[in-house]
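# Chains, contacts and geometry: an overview
Below, each chain spelled out in residue letters.
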Amino acid sequence: MKFNVYRQAIRLTLLITIILFSFEIVHAQADNTAEVGVFGNYEVLPDNRIEVPVEIRNVQDLYAIDIEIRFDPDVLVCEDANPGADGVQPALGTFLDAGLALFNEVDNNNGIVRLAMTQVNPSEPKSGEGVVLVLYFQSLIEGESELVVSKVELSDRGGQAIPAGGVSGRIVVTSGANVVEATSVPVQDPTQMIAVPTLAPTATLTATPVPTK
């Protein structure tokens, strides 16, 4: 009888140990997942401009990013951050160094922002948190627009995928919004980005290892 009780106690101890160990693994994996998107909700008056930073947090050794954000084109229009180039472009934040861009564009008809870019040598991989993009929205009418991260893919310098999840925000356009003097978010010179021509509109940009001297 005592032996059976002792054996059951051992089994119970092992079971608890396995559960706790599994929890630690899952928790560690969750902690290693980068987050990219709009970390906040905004209120703005109709016919007003608002800057929205697209941030990245908890990332390690980032070198390339492919992100798509959707908004309601009936409520918002995204302004061009680089009038010297064709089309409408978002502004590049300061987290990643300007490099090669496969996509750097805004489709205001369908409400889509797309950035697919990689740094190039001698730029070093980036870790931690910072601003990847800045979106300059002009409010059109009263209403709400979700800022949904519909796609996000990250990779390191060797082209290995980095686990990532999207964070979606919201802009509410209302005549009851408070007037707030916001500080401009620092961005990079848009002419530093080199556009890569492509005939494949659904292509995904992945960092390609470049030999260092």
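The following refers to the structure shown. These numbers were taken from a predicted model, which means no experiment stands behind them.

### A look at the overall build of the chain
- Assigned secondary structure in the chain consists of one helix and 14 strands.
- Taking all 213 residues of the chain together, the buried fraction comes to 36%.
- Counting only contacts in the chain whose residues sit at least 6 apart along the sequence, the fraction spanning at least 24 positions is 79%.
- Surface summary for the chain: the accessible area is close to 12200 Å², and the carbon and sulfur share equals 56%.

### A short note on the packing of aromatic side chains
- By the definition in use, this model includes one aromatic pair.
- An angle of 65 degrees between the planes, with centres 5.1 Å apart, marks the rings of F71 and F137 as edge-to-face. One end of the pair, F71, is in the loop between strand 4 (64-70) and strand 5 (76-78); the other, F137, is in strand 9 (residues 126-139), with 66 residues separating them in the sequence.
- Classification of F137 as buried rests on a relative accessible area of 0%.

### Considerations on the pattern of salt bridges
- Evaluated as defined, the whole model comprises 10 salt bridges.
- Between E55 and R57 there is a salt bridge, with its nearest N and O atoms 3.7 Å apart.
- When salt bridges with common partners are traced through the structure, they connect R49, E51 and E79 into a single cluster.

### Some remarks on the pairing of strand 8 (residues 112-118)
- Among the seven residues in strand 8, seven count as buried, and that is most of the element.
- With burial as the criterion, each face of strand 8 is covered, one bearing I112, R114, A116 and T118 and the other bearing V113, L115 and M117.
- Here strand 4 pairs with strand 8 via seven bridges, running antiparallel. Bridge pairing in strand 8 places D66 opposite A116.

### What about the nonpolar core?
- I65, I67, L115, F137, L147, L154 and I171 are the most contacted members of the largest nonpolar core, which totals 38 residues.
- In this view, F137 contacts N48, R49, I50, V52, F71, L76, V77, C78, L147 and I171; residues no more than four positions away in its chain are not counted.

### Digging into the layout of surface pockets
- The volume enclosed by the second largest pocket comes to roughly 230 Å³.
- Forming the boundary of the second largest pocket are 16 residues, of which A85, D86, Q89, N104 and A195 lie nearest the centre.
- No other element matches the five residues that strand 7 (residues 100-107) contributes to the lining of the second largest pocket.

### A closer look at a nonpolar patch on the surface
- A contiguous nonpolar surface patch, about 270 Å² in accessible area, is contributed by L100, V120, I194 and V196.
- Tracing the sequence through the fold places I194 in strand 14 (residues 194-195).
- Look at I194 and you get partly exposed, because its relative accessible area is 49%.

Criteria and cut-off values
Residues numbered from 1 in each chain as written. Predicted model: local features only at pLDDT ≥ 70, side-chain atom pairs only at ≥ 80, totals over all residues. Heavy atoms only, no water. Helix = DSSP H or I, 4+ residues; strand = E, 2+ residues; numbered from the N terminus. Buried < 20%, exposed > 50% of the residue type's maximum accessible area, 1.4 Å probe, protein only. Contact = heavy atoms within 4.5 Å. Areas by Shrake-Rupley, 256 points an atom, 1.4 Å probe, with all protein chains shown as cover. Phe/Tyr/Trp six-rings, centres within 6.5 Å; stacked < 30°, edge-to-face > 60°. Salt bridge = Lys/Arg side-chain N within 4 Å of Asp/Glu carboxyl O. Pairing = 2+ DSSP bridges. Core = buried A, V, L, I, M, F, W, Y, C linked by side-chain atoms within 4.5 Å. 1 Å grid on protein atoms, 1.4 Å probe; cavity = no way out; pocket = protein on both sides within 12 Å on 5 of 7 lines; lining within 4 Å. Points joined across faces, edges and corners; volume = space filled by probe spheres on them. Patch = residues over 30% accessible without salt bridge, like charges linked within 9 Å, V, L, I, M, F, W, Y side chains within 5 Å.

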